[in-house]
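Commentary on secondary and tertiary structure
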Amino acid sequence: MTDKKPAGLDNGLTNYGDRDFARYLRRSFASSMGYTGASLDKPIVGICTTESGFNNCHRHFPEMIEAVKRGVLAAGALPVTFPVISLGEVFLSPTSLVYRNLMAMSVEEMIRAQPMDSVVLMGGCDKTVPALLMGAYSAGKPAALVVAGPMMTGRHKGERLGACTDCRRFWSKYRAGDVDKQEIDQVEGRLAVTSGTCAVMGTASTMALLAETLGMMLPHTAAIPAVHADRLRASEETGTLAAQMAMTGGPRPESLITRASIENALRVLLAVSGSTNAIVHLAAIAGRAGIDIDLADFNRLSDETPVLVDLKPVGNGYMEDFHAAGGLEGVLRGIEDKLNLECRDVTGQTLGERLARPLSDPIDRAVIRTADNPVDPLGGLIALTGTLAPEGAILKRAAATPALLEHEGRAVVFSSLEDLAARIDDPTLDVAADDILVLQNAGPRSASGMPEAGYLPIPKKLAAKGVKDMVRISDARMSGTAFGTIVLHVTPETDLGGPLALVRNGDRIRLSASEKRIDLLVHEEELARRRKEFSPNTTEPARGYALLYRRHVLPATKGCDFDFLRVSA
Ligand code: FES
Ligand code: MG
């Protein structure tokens with residue numbers, strides 16, 4: 001913290017030419033919005049908002065913004081909202097991940113360029129939280145996040161439905177002929193029934209929990225449902241806190257996001273069996289601090305951290321149950337002996353101080369277990385390496401079929417998303433239930449920008465016979481709400497000529513979760529011959545952001561950030 005006076009409207013005032021005139025002009029233009037001189041003399045809290053007509057998850061932000069403003073004003077600062085790019089997960093093409101870095105740049109530059117002493121970051125939908133944290137870290141001003149919160153569940157024929165694990169479940173039933181057109185249409189209107197982020201432990205909820213663990217959010221606020229009055233109270237309190245941060249000058253993200261707090265976040269990711277996407281986002285956030293996530297370290301944490309939470313897509317409950325059961329607090333207390341307790345949060349308290357406080361309500365252990373009665377004694381995710389992924393791959397073992405975790409099979413290869421779409425349901429496709437489906441050319445540098453295509457559909461003819469899961473391997477990602485024995489983020493990716501590019505139909509592949517390996521069982525001489533045949537894709541997008549992206553995107557292990565935004569370790 002510093003005791004420097006907040007600069008308020010003078011923040012970043014240009015230092016060339018006539019500085020007094022620049023100040024005069026700025027105040028004059030600000031006055032045109034109806035502010036009094038007394039208001040313009042106050043410290044300024046920027047409210048970085050991501051409302052958009054293309055973002056259903058943030059539809060309640062106007063009400064939340066009012067609450068944030070109330071908190072800022074009551075604490076004696078001036079709230080000023082400003083927009084940045086918003087990313088509504090299902091509306092972006094080719095994929096929202098491609099635009100995460102663009103959003104992070106807009107966040108960083110708008111926080112830096114505009115006059116504010118601190119900032120409230122408002123996001124929630126999948127990529128918005130990492131983009132806000134990446135940008136705010138690099139901008140370097142005091143920042144506190146408030147998230148949208150999860151949706152409530154809908155009802156259908158007496159059962160609860162939540163986006164978007166149940167979207168997949170119903171669509172699979174429809175594909176298999178178990179649900180008819182009339183019912184699938186009915187379910188369409190019952191999957192996402194309120195504002196807020198997806199109702200399960202998908203990417204949005206995982207990232208909210210990790211952001212709170214990193215200390216970037218008020219304690220106890222990550223999982224409050226979007227439509228709950230507590231969400232508005234949390235918004236007001238965040239506004240108050242941000243006003244204090246504006247006056248004291250801290251804490252800044254760099255004092256909260258550290259190697260120790262990132263390790264805590266990885267522990268929480270494992271204990272909640274969170275989204276595989278979170279590992280990419282956490283690597284990107286860590287990269288802004290010059291920190292690498294080492295896959296061997298990650299596996300060590302995974303073997304020591306039990307899964308405590310029984311939620312979809314892996315288990316039974318929804319985020320509303322998780323919040324009612326005690327939320328993140330229940331998870332942190334369950335793995336307290338494994339956490340770095342000296343890490344601080346936006347309020348200035350340490351994690352140890354937070355966890356030493358008595359709880360107002362008991363934790364519901366049916367939803368959030370204890371370490372001696374876990375859902376699973378091992379963490380939800382592991383990193384794999386081996387001859388198919390020399391630099392790493394990710395497997396959500398908690399979402400896998402146990403019998404497939406040690407499996408050798410014959411590769412059935414799809415060379416691209418188009419090839420997959422054209423052939424996966426072809427009745428003549430040569431494929432059996434114990435084969436391994438391989439998708440190439442869907443990594444960060446591919447034209448589709450690492451889509452959530454790693455959840456390859458089960459070929460229709462096998463699905464009709466009741467096959468529910470197969471080992472599936474790709475350099476793509478998978479939605480946080482999906483499940484199956486799915487090896488993702490294979491690095492180096494196909495586009496860079498990694499071993500994934502060299503797999504052919506009929507090759508043997510071996511997955512061993514216990515050894516944390518994924519191996520292509522083909523002789524080195526044969527691979528060398530195929531490597532010579534590999535012709536790299538040299539076509540680049542003609543112009544614009546797509547060209548910037550292709551030239552600068554880093555591998556999944558570095559979080560798919562741009563090379564020029566990451567700080568070298
Ligand atoms: Fe926004 Fe799932 S679509 S969180
Ligand atoms: Mg998602």
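The structure presented is a predicted model; accordingly, all values stated were derived computationally and were not measured. (Residues numbered from 1 in each chain as written. Chains lettered and ligands numbered in written order. Predicted model: local features only at pLDDT ≥ 70, side-chain atom pairs only at ≥ 80, totals over all residues.)

1. Notes on the overall build of the chain
Just so we agree on the cut-off: In this text, helices come from DSSP runs of H or I with a minimum length of four residues, and strands from runs of E with a minimum of two, each type numbered from the N-terminal end. Here a residue counts as buried when 20 or more other C-beta atoms sit within 10 Å of its C-beta, as exposed when there are 12 or fewer, and as partly exposed otherwise, the C-beta atoms being derived from the backbone. Each residue is represented by a C-beta atom placed from its backbone, and any two residues with such atoms within 7 Å are regarded as in contact.
When helices and strands are counted, the chain shows 20 helices and 14 strands. Projected onto the principal axes, the alpha-carbon positions of the chain cover approximately 75 × 55 × 50 Å. Within the chain, the fraction of its 569 residues that count as buried is 53%. A sequence separation of at least 24 residues applies to 78% of the contacts in the chain between residues at least 6 apart.

2. What to know about the UniProt feature "domain: Dihydroxy-acid/6-phosphogluconate dehydratase N-terminal" (unreviewed entry) in the chain
As a reminder of what qualifies: UniProt positions are given in the numbering used here, feature names are shortened, and annotations may be inferred rather than shown by experiment.
Sequence positions flagged by UniProt for "domain: Dihydroxy-acid/6-phosphogluconate dehydratase N-terminal" (unreviewed entry) are, in local numbering, residues 42–353. The distance from the first to the last C-alpha atom of residues 42–353 is 32 Å, and the span holds 48% helix and 9% strand.

3. Some thoughts on the environment of Val200
Structurally, Val200 is set in the loop between helix H7 (181–188) and helix H8 (203–213). Accessibility expressed as a C-beta count within 10 Å gives 28 for Val200, which makes it buried. Separated by 281 residues in the primary sequence, Val200 and Thr481 have C-alpha atoms spaced 6.8 Å apart.

4. Things to note about the UniProt feature "domain: Dihydroxy-acid/6-phosphogluconate dehydratase C-terminal" (unreviewed entry) in the chain
Per the UniProt record, "domain: Dihydroxy-acid/6-phosphogluconate dehydratase C-terminal" (unreviewed entry) is found at residues 367–560. Across residues 367–560, helical content stands at 15% and strand content at 23%; the span's end C-alpha atoms are separated by 33 Å.

5. Details of helix H15 (residues 327–334)
H15 sits mainly inside the fold: 7 of its 8 residues count as buried. The set of residues buried in H15 consists of Gly327, Leu328, Glu329, Gly330, Val331, Leu332 and Gly334. In this fold, the buried residues of H15 make contact with H8, helix H11 (259–271), helix H14 (319–325) and helix H16 (351–356).

6. Considerations on the packing of H11 against helix H12 (residues 277–288)
In plain terms, the rule: Angles here are taken between N-to-C directions and fall from 0 to 180 degrees, while the axes themselves are lines fitted to C-alpha atoms, restricted in helices to the stretch in contact. For classification purposes, angles smaller than 35 degrees are called roughly parallel, those larger than 145 roughly antiparallel, those between 65 and 115 roughly perpendicular, and all remaining angles oblique. Under the grouping applied here, Gly and all other residues not named as nonpolar or charged are polar, the nonpolar ones being Ala, Val, Leu, Ile, Met, Phe, Trp, Tyr, Cys and Pro and the charged ones Asp, Glu, Lys and Arg.
Here H11 crosses H12 at 175 degrees, and the two axes come no closer than 11 Å. By the angle between their axes, H11 is roughly antiparallel relative to H12. Note on element contacts: H12 touches H11 through Ala278, Ile279, Leu282 and Ala286, opposite Ile262, Ala265, Leu266 and Leu269. Taken together, the residues that form the contact of H11 with H12 break down as 8 nonpolar, no polar and no charged.

7. Things to note about the sheet that holds strand E2 (residues 78–83)
Backbone-to-backbone hydrogen bonds join strands into a sheet, with any given pair of strands oriented parallel or antiparallel. The following threshold applies: What makes two strands pair is DSSP finding at least two bridges between them.
Read from one edge of the open sheet, 4 strands run E2-E1-E3-E4, paired in parallel fashion. Pairing within the sheet leaves two strands with one partner each, and these edge strands are E2 and strand E4 (143–147). Ignoring which end each strand starts from, the neighbouring axes of this sheet average 25 degrees apart. In this sheet, E4 lies alongside strand E3 (residues 118–123) in parallel orientation, the contact comprising 5 bridges. Bridge pairing in E4 links Val120 to Ala144. Across the sheet, helix H5 (residues 128–139) is in contact with strand E1 (44–49), E3 and E4; its angle to E3 comes to roughly 160 degrees.

8. Some remarks on the domain arrangement of the chain
The condition is simple: Reported domain spans reflect what an automatic or database domain assignment gives.
Domain parsing of the chain yields domain 1 (8–152 + 194–356), domain 2 (154–188) and domain 3 (382–538). Once you take the C-alpha centre of each, domain 1 and domain 2 turn out to be 33 Å apart. Contacts between the two partners involve 8 residues from domain 1 and, on the opposite side, 5 residues from domain 2. Here the residues of the side of domain 1 that touches domain 2 sort into 6 nonpolar, 1 polar and 1 charged.

9. So, the environment of Lys141
Within the secondary structure, Lys141 is located in the loop between H5 and E4. For the pair formed by Lys141 and Val119, sequence separation is 22 residues and the distance between their alpha carbons is 7.3 Å. Residues within four places of Lys141 in sequence aside, it is in contact with Ile111, Met116, Ser118, Val119 and Arg252.

10. Description of unusual backbone geometry
The step from Ser93 to Pro94 runs through a cis peptide bond, and the omega angle for that step is 5 degrees. Position of Pro94 among the secondary structure elements: in the loop between E2 and helix H4 (96–113). Pro313 follows Lys312 through a cis peptide bond whose omega is 10 degrees. By the secondary structure assignment, Pro313 is in the loop between helix H13 (295–304) and H14. Phi is positive for His220, which is not a glycine, with a value near 70 degrees. Relative to the elements of secondary structure, His220 occurs in the loop between H8 and helix H9 (229–248).

11. A short note on the confidence of the model for the chain
Quick note on the threshold: Across the chain, each position has a pLDDT score giving the predictor's confidence in that residue, from 0 to 100.
Overall, the prediction assigns the chain a mean pLDDT of 95, with 99% of residues at 70 or greater. With pTM at 0.96, the complex prediction returns an ipTM value of 0.93.

12. Looking at the packing of H11 against H13
The condition is simple: In this scheme, a crossing is called left-handed if the near helix is turned counterclockwise away from the far one by less than a right angle; it is called right-handed if the turn is clockwise.
Packing of H11 against H13 brings their axes to within 9 Å, and their N-to-C directions diverge by 50 degrees. When the axis of H11 is compared with that of H13, the two are oblique. For the pair H11 and H13, the crossing hand works out as right-handed. Contacts from Leu266, Arg267 and Leu270 of H11 reach H13 at Phe298, Leu301 and Ser302. Looking at side-chain class alone, the contact of H11 with H13 contains 4 nonpolar, 1 polar and 1 charged residues.

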